[in-house]
Amino acid sequence: MERTVKLRVKVDHATYSALKEVEREYREILEDAVDYGLRNSTTSFTRIKAGVYRVEREKHKDLPSHYIYTACEDASERLDSFKKLKRRGRAYTDRPSVRRVTVHLDDHLWRFSLDEISIATKGGKVRISPTFHKLFWRYYNGGWRIAGEARFRLAKGNVVELFIVFKKEEPKPYEPKGFTPVDLNEGSASVLVGGRPILLETNIKKITLGYEYRRKRVQSGRSTEDRDVRRRLKRLREKYRKADIRRKLARLIVKEAFESRSAIVLEDLPKRVPEHMIKDVKDPQLRLRIYRSAFSSTKNAIIEKAREFGVPVVLVSPSYTSSTCPVHGSRIVYRPDGGAAPRVGVCEKGGERWHRDVVALYNLRRRAGDVSPVPLGSKESHDPPAVGLGRWLRAKSLRLIVSELKMIEMKA
Ligand SMILES: [Zn+2]
């Protein structure tokens, strides 16, 4: 596992100039290396390095030689991803362009300590002293180690942007004792916690539509400059807000699965937006955005978090998960017009009522191989407790939410 943390450091003019010099020469080597790779149709680091090293060493006498290695690695990566883009028909030029350069460093070219970070340049080492932010400390103190490779980029105003890479071994996934199925929707995520269904409201669709609506209103404002800035700010805020919801949701779900030593069961979602999923949104772009943040990005957030904790994840086929009765195996009929409770349907065989998301949870669990009995005709099956966004975002665990719900039930 890898995480990259960016540090912005303002440095003095001499340091900046020394790094600027490195950047300039690194760019020259990188361009030559990319050329070499294209001429010899290779993306291999070893071949590129063998091909350009001597000439570049001659050209850049005082530059620490490892910059030639890292530039060749950089070239090999760029050529590789360009090749992939081309294969998918997504490359719009006939060669990879070297526009913005981020200088790659290996363990010979930089040294890390909390007091100072040194970087090799033509005239010896330069030393910079960053202030570390909260995210940095979270990884630094959270069992991650700093990798030997790093990168830097020069920004305006004597600012150096350092990219520090943290690494951590992935824990071995355990043998699951049970399953924690999760059903994702455009406005909520449902989970079975200790066998009880709960519905966590995420409001992803509402948030996306809300920001879109406000952006449209801003667009009709007067000053264009002002309008642009505000629009971009809104986009950014929307992004952060949704990422925060996803991250916290993933953490709660993974924590629950980890503590109950179970595997998370998710639908293996199709790559393309299934039209019916968010059918009331007409604008296809907007629909895609909602789909991405509510389904695929949320799924990825859960998978990534699970990997961090060694929680196994089982992906199962999404077909008919909400239209087959988990007790009778018969069809569940949802009223075509929706009615007052559009997500509640009736089993064709037993006549009992089911909430779509609860049906999906039991079916997901079964598809993963769990055959424990499914409660029939309980209130939760057609009316699962819904937990508002504001409430679960602050919750410590899903267990606590469920036991609170039980308390409320008992009092009622
Ligand atoms: Zn049934």
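Definitions and limits used
Residues numbered from 1 in each chain as written. Predicted model: local features only at pLDDT ≥ 70, side-chain atom pairs only at ≥ 80, totals over all residues. Helix = DSSP H or I, 4+ residues; strand = E, 2+ residues; numbered from the N terminus. Expected span 1.5 Å × (residues − 1). Buried ≥ 20, exposed ≤ 12 C-beta atoms within 10 Å, placed from the backbone. Pairing = 2+ DSSP bridges. Axes fitted to C-alpha atoms, helices over the stretch in contact; angles between N-to-C directions.

1. Observations concerning helix H7 (residues 284–309)
Under the 1.5 Å per step criterion, the end-to-end length of H7 is 36 Å for 26 residues, consistent within 8% with the ideal 38 Å. Once H7 finishes, Gly 310 follows within two positions and takes phi at roughly 70 degrees, a positive value.

2. Quick notes on helix H3 (residues 66–87)
Between its first and last C-alpha, H3 extends 32 Å over 22 residues, near the 32 Å set by a 1.5 Å rise per residue. Among the residues of H3, those classed as buried are Tyr 67, Ile 68, Thr 70, Ala 71, Cys 72, Asp 74, Ala 75, Ser 76, Leu 79 and Phe 82. With its phi angle positive at about 70 degrees, Gly 89 sits one or two positions after the end of H3.

3. Thoughts on the sheet that holds strand S15 (residues 353–355)
Spatial ordering of the open sheet is given by S13-S14-S15, a layout of 3 strands whose pairing is antiparallel. If you trace the sheet from one side to the other, it starts and ends with strand S13 (332–334) and S15, each paired once. The sheet shows a mean angle of 40 degrees between the axes of neighbouring strands, direction not considered. Taken together, the 3 bridges between S13 and strand S14 (residues 344–347) define a ladder with antiparallel strand orientation. Considered in S14, the bridge of Ile 332 is made with Cys 347.

4. Side note on the pairing of S14
Where S14 and S15 come together, 3 bridges link them in antiparallel fashion. Considered in S15, the bridge of Val 346 is made with Arg 353.

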